[in-house]
Amino acid sequence: MKQISDSFKDPRHGQILSLCCLVFLGAWAFSFEMPYWRPITAVATALAVQFWASWIAEIRFDWRSPLISSLSLTLLLRTEGADLVALAAFIAIASKFLIRFDGKHFFNPTALAIVVVVLTCDGAWVSPGQWGAEGWAAVAAAGAGLAVTYGARRLEVPLAFLGFWAVLVFGRAIWLGDPLAIPLHQMTSGALVVFAFFMISDPMTAPWNQGARLAWVGAVALTGFLLQVNWIVDAGPIFGLVAMAPLVPLLNRIFPAQAMAWRQQSTADTRKEIRHA
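What comes next is a walk through the structure. (Residues numbered from 1 in each chain as written. Predicted model: local features only at pLDDT ≥ 70, side-chain atom pairs only at ≥ 80, totals over all residues. Heavy atoms only, no water.)

## Things to note about the pattern of salt bridges
Part 1: The final tally for this structure, using the stated rule, is three salt bridges.
Part 2: We note a salt bridge from Arg-213 to Glu-156, for which the minimum N-O separation is 2.7 Å. Within this pair, whereas Arg-213 is found in helix α11 (residues 210-230), its partner Glu-156 is found in helix α8 (residues 152-176), the two being separated by 57 residues in sequence.
Part 3: Of the residues examined, Arg-213 reaches a relative accessible area of 3% and is grouped as buried.
Part 4: A network of salt bridges, in which partner residues are shared, links Arg-60, Asp-62 and Arg-64. (Salt bridge = Lys/Arg side-chain N within 4 Å of Asp/Glu carboxyl O. Helix = DSSP H or I, 4+ residues; strand = E, 2+ residues; numbered from the N terminus. Buried < 20%, exposed > 50% of the residue type's maximum accessible area, 1.4 Å probe, protein only.)

## What about the environment of Ile-99?
Part 1: Mapped onto the secondary structure, Ile-99 falls in the loop between α5 (82-98) and β2 (100-101).
Part 2: Taking the relative accessible area as the measure of exposure, Ile-99 reaches 33% and is therefore partly exposed.
Part 3: Residues Ile-99 and Pro-109 lie 10 residues apart in sequence; the distance between their C-alpha atoms is 9.8 Å.
Part 4: Ignoring any residue separated from it by four or fewer positions in sequence, one finds Ile-99 in contact with Lys-104, His-105, Phe-106, Phe-107 and Leu-112. (Contact = heavy atoms within 4.5 Å.)

## A short note on the environment of Gln-228
Part 1: As for its position among the elements, Gln-228 is in helix α11.
Part 2: Residues Gln-228 and Phe-239, spaced 11 residues apart in sequence, show a C-alpha to C-alpha distance of 9.1 Å.

## Concerning the packing of α11 against helix α12 (residues 236-243)
Part 1: Viewed as axis vectors pointing N to C, α11 and α12 meet at an angle of 130 degrees, and their least axial separation amounts to 7 Å. Classed by the angle they form, the pair α11 and α12 counts as oblique. In the packing of α11 onto α12, the handedness of the crossing is right-handed. On the side of α11, the interface is formed by Trp-216, Val-220, Thr-223, Gly-224, Leu-227 and Gln-228, while α12 contributes Gly-236, Pro-237, Phe-239, Gly-240, Leu-241 and Ala-243. (Axes fitted to C-alpha atoms, helices over the stretch in contact; angles between N-to-C directions. Parallel < 35°, antiparallel > 145°, perpendicular 65-115°, else oblique. Left-handed = near helix turned anticlockwise from the far one by under 90°.)

Dropping the structure here:
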């Protein structure tokens, strides 16, 4: 009975439900270009790779983590064919097993897959403005509600990132004398809010210490902003998250006293994934 109760309390179930609702809203309410093969290919490939890798590693197969990664890919990555969707899903799940440090995966799986596919393959991109104003509100509401269910320690990361990003985009507009409508439009990007609440907030790839975590979030925001402004990278924050991944183990070494406390605060699903993913 305790195992059943713990399963219902697993916050990944809420994350999966939120992502499924966003995929549904994107496809039917906001008329995304969402061919049926995109979610089917992403989910099927991610689950298959997770099952195969779990069998090779002789660990329990868990469907929740690959489902979260594949739904996130469905929301953020745009491709001209199913082959690139399958490649991205393969990279996301395989990286969790192959690129590891301190007993956990090194990169955010979804972010790494998007960066690799966009940089190496023609016909793959991220569309940051597809949600529109109403869609942005839906994403923000879903993400905020999910973060609140996780507790204040999870809410601080997306809010800190959005705060840093707002300072950067509004500061640049004021410096250049641009109308404030430009940064307001940038802040209402659905992709930006999906990134804040469903990617950078992942405790598995964030520093343990609270102060170090906030500094790292600022570094991700600044790196992504510079990439987006200077190199016209549409998915600047996602690239910034991958680029700043090496800072996490360094910060955990500098601030080791917080390691056990952060692990204890993590939810049961995170603790299981640290041991088995």
